[in-house]
Each structure stands twice: as structure tokens, then as C-alpha cells.
Amino acid sequence: MRKYWWIAVLTVIADQVSKWACLSLTGSVTLIPGVLALTYAENTGMAFSLFSGRSWLLGIVSAVCILAGWLILRRVRLGMLSRTAAMLMLGGAVGNMIDRFLRGFVVDMFEFLFVDFAIFNVADAALTVGTALMAVSLLLRPEEWKEKEKPGA
């Protein structure tokens, strides 16, 4: 897993830089007409604003899930696809957790203009892509999931 940490680190950096860049954004700026806009939004909840107003609780839940995920990942020998997925998910979770603890809300900024969908951020995108890759890994490449051999076994 050590070789793949850079994916999580770059995800957190890209997420935090994009959020910082959008803090002074007012209104909406079209990036691709009819497709994508930057729209500043503050989300005190989680996906689709579920559990709004409970940012600290969600931050604590995020921290516990990150720790649990790390402990589980230490026990398994993963293939390349699974490692990439895990690091994207970790980076996304850490990016949003930072917002919850530092700001009390998660900064969202990407808005699809062609469909009525939630405004999201880089961390959300990384979590979504990571989860999809992990599902593919579990369903189509189960051989990637092997428990590490215990010393002396």
C-alpha cells in the first residue's frame, strides 16, 4: 500500500486547493456552457445534504471510518485496482473531514447544468470513483483480495 499513498495525498491537496480557490466565489461561473459550472455551496451534512447541521458528528464518524478502513487494509494484500480505489476513497474522506473540522461545513463547487444533481467537490468525486473501482475490483477481480499471511503460519 505504501507505493499508493501519493494518490490519497494528491487527492487531499487537489481537494483543499480547489475549495480554497472557491471560497471567494459568489454566484455561479460557467466552465462549460450547458454542462458544468462553479457554484459555491456550504454543506453541513453529507451526500445530498443528509444529516445537515451535524458536521462535527460527521467529522468524527469520518475519522472512525478512515481509521477502520486503514486497519482493515493493513490485513489484506490488494492488487493495483483495489489499492488505487482505496487511496481515492481515503483521500476523499480525509478531504471532507478536514472541512468538517476546520470550517464546520464542506465546501462544494461543481454543478452539472444538464441534470438536477447535487453540487459536489473533488473529494466527493474521488470517493465516487474510488467506490466504483472498488466495486469492480470486488466483483470482477476477487483474486486481488487476499489476506496477508501471518508470520509463522
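Everything discussed here concerns the structure shown above.
Quick notes on the rules
- Residues numbered from 1 in each chain as written.
- Predicted model: local features only at pLDDT ≥ 70, side-chain atom pairs only at ≥ 80, totals over all residues.
- Heavy atoms only, no water.
- Helix = DSSP H or I, 4+ residues; strand = E, 2+ residues; numbered from the N terminus.
- Expected span 1.5 Å × (residues − 1).
- Buried < 20%, exposed > 50% of the residue type's maximum accessible area, 1.4 Å probe, protein only.
- Arc of directions from axis to C-beta.
- Core = buried A, V, L, I, M, F, W, Y, C linked by side-chain atoms within 4.5 Å.
- Contact = heavy atoms within 4.5 Å.
- Axes fitted to C-alpha atoms, helices over the stretch in contact; angles between N-to-C directions.
- Parallel < 35°, antiparallel > 145°, perpendicular 65-115°, else oblique.
- Left-handed = near helix turned anticlockwise from the far one by under 90°.

Caption draft 1: A look at helix H1 (residues 5-22). With 18 residues, H1 should reach 26 Å at 1.5 Å per residue; the first-to-last C-alpha distance of 26 Å fits that figure. Buried within H1 are the following residues: Ile7, Ala8, Thr11, Val12, Asp15, Gln16, Ser18, Lys19 and Cys22. Taken down its axis, H1 places every buried residue within 165° of arc, on the same side. Those residues of H1 that are exposed and aimed more than 90 degrees away from the buried face are Trp6, Val17 and Trp20.

Caption draft 2: Quick peek at the environment of Pro33. By the secondary structure assignment, Pro33 is in the loop between strand E1 (28-32) and strand E2 (36-43). The spacing of Pro33 and Phe114 is 81 residues in sequence and 9.4 Å in space, taken between C-alpha atoms.

Caption draft 3: Inspection of the nonpolar core at higher detail. Core analysis: the biggest nonpolar cluster contains 16 residues, and Ile7, Ile66, Ala86, Met87 and Leu90 have the highest contact counts within it. Of all the secondary-structure elements, those providing two or more residues to this core are H1, helix H2 (55-74), helix H3 (80-102) and helix H4 (122-140). Of all the elements, H3 adds the most residues to this core, at seven residues. When sequence neighbours within four positions are dropped, the list of residues in contact with Leu90 reads Trp5, Ala8 and Ile66.

Caption draft 4: Molecular detail of the packing of H2 against H3. Contact geometry for H2 and H3: axes closest at 9 Å, N-to-C directions at 155°. Considered as vectors, H2 and H3 are oriented roughly antiparallel to each other. Note that H2 runs across H3; the crossing there is left-handed. The segment H2 lies against H3, with Ser55, Trp56, Leu58, Gly59, Ile60, Ser62, Ala63, Ile66 and Leu73 engaging Ala86, Leu90, Ala93, Val94, Met97, Arg100 and Phe101.

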